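Structural features, examined
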Amino acid sequence: MWKIIWIDLWTTNSCVAFMEGWEAKVIPNAEWNRTTPSIVANKDGKIIVGTPAKRQAITNPINTIFSAKRFIGRKYDEVQEEIKSVPYEVVKGKDGSALIKFDWKEVRPEEIGAHVLMKLKEDAEKYLGSTVNEAVITVPAYFNDDQRQATINAGKIAGLEVKRIVPEPTAAALSYGIWKWKDENIAVFDLWGGTFDISILELSEEGAFEVLATNWDTHLGWDDFDKRITDWIIDEFNKDQAIDLRNDPMALQRVRDEAEKAKKELSSTTDYDINLPYITVDASWPKNLMMTLTRAKFEELIADLVERSIEPCRKVLQDSGLKSSELHQILLVWGSTRIPMVQRKVEEFFGKKPNTGINPDEAVAMWAAIQAGIIWWDVTDVLLLDVTPLTLGIETMWGIRTPMITRNTTIPANKTETFSTAVDNQPWVEIHVLQWEREMAVDNKSLGKFMLDGIAPAPRWVPQIEVSFDIDANGILKVTAKDKATGKEQNITIQGSTGMDEAEVDKLVKEAEAKRDEDKKKKDLVDARNMADSTVAQAEKMLRDNKDKIDETDKKSIEEAVVKVKEVTAKADATKEDFEWVTKPLSDTMMQVGQKLYQAGGQPWTQAGGEAKGDDWVVDGEVEDDGKNTTRV
């Protein structure tokens, strides 16, 4: 019988585990190590993976691929900084994606990931003595649809059906909290090779794990720590010998390996002797590299990187609604959290010592095994609730982004709202799906568009278009639009190449923060314009429906007020105050006339934004008792 495994995949090392009975176990690889380097190499026409690939990297730097996770599901133009940190060649694909030159051809990063997954699968099958066809795989919390889908594709290439994609911080929390069964708030500080995540989860006595909030820095990881040491070694050698080792790929690889060793050693010692004999040769003599790196100097080199990790911590506390004093545990995940300076900074910010009782290199993989057990029914009393990290919505009239599912909403999730048409006899509507936190549609990431046609001719606001957002446990979004009258519907599944890339996330986050006031002004102007347009439409309908009941004086007052509103609406440079100045008199006049009609037994009128009677009356912004919103698209 085959089993389902859990895999903590790359950037630097990968780990695989499974659930045996009620216990999660890490599976050692063929070399009997508990983690496997996420390195793939082509040596003499043969593909080698893991420790053997790492051993030959010094002599084969161009054909040895590491840190491929930094390129997965991303465009070439977005990874220019990452390209500078690797010796192999990264090129631009026909679709603009980042491809890696490997095995004499251009391959996608997920193909490199598939080689790593194949080895993990083979090692697991040898250890378990049975076939492995299914897996749960973890990804960084910020991974978008492109990257999640690319990870799933890597699994498919490796012969694995990926049953679920799970955020790494969530996995680490589960590995800590399983079987504890008590109410706790936990922060997971997840410092990977190339990325940093921070998540806050709520654990309950009933075995529920709910993610309250998550935040990240997509360009912060222990690779950056290694690079600081590497640059320092090279710069010091260059000062002494006037030789830049960056121009020698083999020497550069040796320095990188030594930098990684120095980082690890300095977590337990105060200094590390760097000794690389025959590092290079000049015209006169072979050169040796010998120097000492102290912990104090190391901390000086990485101080700004460690400080950068605090801002996401500050944001995640704000989003979760908790204070640091309300956190019961701070979990540290992955090896670089062993660095004393990192631990001190975490303690300083949260006001409590972090929990070092779990193996930071294995915590995520142990959780994956538990999640695999949940899927395979070995474990039935654990409930895991993740969140979607970014707001999802659609574009509505005047370019407004209308949120459907807000960021940090627990997933799986679904939301349905009712919208309508913007003009009379509109035969179709376009559903433009957006992602991000900006108020105006143009400032958000477009995930996709689709048309719903065949709408029966009717006055604007009468057709009712039901739009549904449905996110599954992997964060994959399906959007459906349905015409209530005809029953006709269309849908789109947002995955693959339609997701947002990491670089754009970073950029838009900063823009959203810097332009929050500007966005609000734009939204207020659009809202004022919409209110003016809506009030005019209601006034004209009021006059049509009650032409025999409204006296000439009231009719003239309404018509004159409508003309003034339309004059302002026609101006391209009209301000929010301009719209409010002319809309209020019209609204007040309509209210007075409506009261007269009501007293006379005619059709009542309600102010813009309120509820109106009649099956053919749909009001912009109406909120019904079931929580569904009717507006125009």
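Since we're looking at a predicted model, the values are computed, not measured. (Residues numbered from 1 in each chain as written. Predicted model: local features only at pLDDT ≥ 70, side-chain atom pairs only at ≥ 80, totals over all residues. Heavy atoms only, no water.)

**Here we look at the packing of helix α14 (residues 552-569) against helix α15 (residues 576-600)**
Packing of α14 against α15 leaves a shortest axis separation of 9 Å and a crossing angle of 160 degrees. Here α14 lies roughly antiparallel to α15, going by the angle between them. Crossing of α14 over α15 shows left-handed handedness. Contacts between α14 and α15 involve Asp-554, Ser-557, Ile-558, Ala-561, Val-562, Lys-564, Val-565, Val-568 and Thr-569 on the former and, on the latter, Asp-578, Phe-579, Val-582, Thr-583, Leu-586, Thr-589, Val-593 and Lys-596. Per-class residue counts for the contact of α14 with α15 are nine nonpolar, four polar and four charged. (Axes fitted to C-alpha atoms, helices over the stretch in contact; angles between N-to-C directions. Helix = DSSP H or I, 4+ residues; strand = E, 2+ residues; numbered from the N terminus. Parallel < 35°, antiparallel > 145°, perpendicular 65-115°, else oblique. Left-handed = near helix turned anticlockwise from the far one by under 90°. Contact = heavy atoms within 4.5 Å. Nonpolar A, V, L, I, M, F, W, Y, C, P; charged D, E, K, R; others polar.)

**A few points about the sheet that holds strand β21 (residues 400-405)**
Where strands meet in a sheet, backbone hydrogen bonds hold them as pairs that are either parallel or antiparallel. On the basis of which strands lie adjacent, the open sheet formed by four strands has the order β21-β20-β24-β25 and antiparallel pairing. Among the strands making up the open sheet, the edge pair consists of β21 and β25 (445-453). Averaged over all pairs of adjacent strands, the angle between their axes in this sheet comes to 30 degrees, without regard to strand direction. (Pairing = 2+ DSSP bridges.)

**Side note on the sheet that holds strand β8 (residues 90-92)**
An order of β8-β9-β10 is seen for the three strands of this open sheet, with the pairing classed as antiparallel. If you trace the sheet from one side to the other, it starts and ends with β8 and β10 (105-107), each paired once. Averaged over neighbouring strand pairs, the angle between their axes works out to 45 degrees when direction is ignored. Note that strand β9 (residues 98-102) and β10 share three bridges and pair antiparallel.

**Observations concerning the confidence of the model for the protein**
Taken as a whole, the protein shows an average pLDDT of 81; of its residues, 82% reach a score of 70 or greater. Note on residues 496-502: pLDDT under 50 across the span, and 30 contacts to partners over four residues away in sequence or across chains. Ignoring residues within four places in sequence, the model shows residues 602-632, a span with pLDDT below 50, making 75 contacts including any to other chains. (pLDDT = per-residue confidence, 0-100.)

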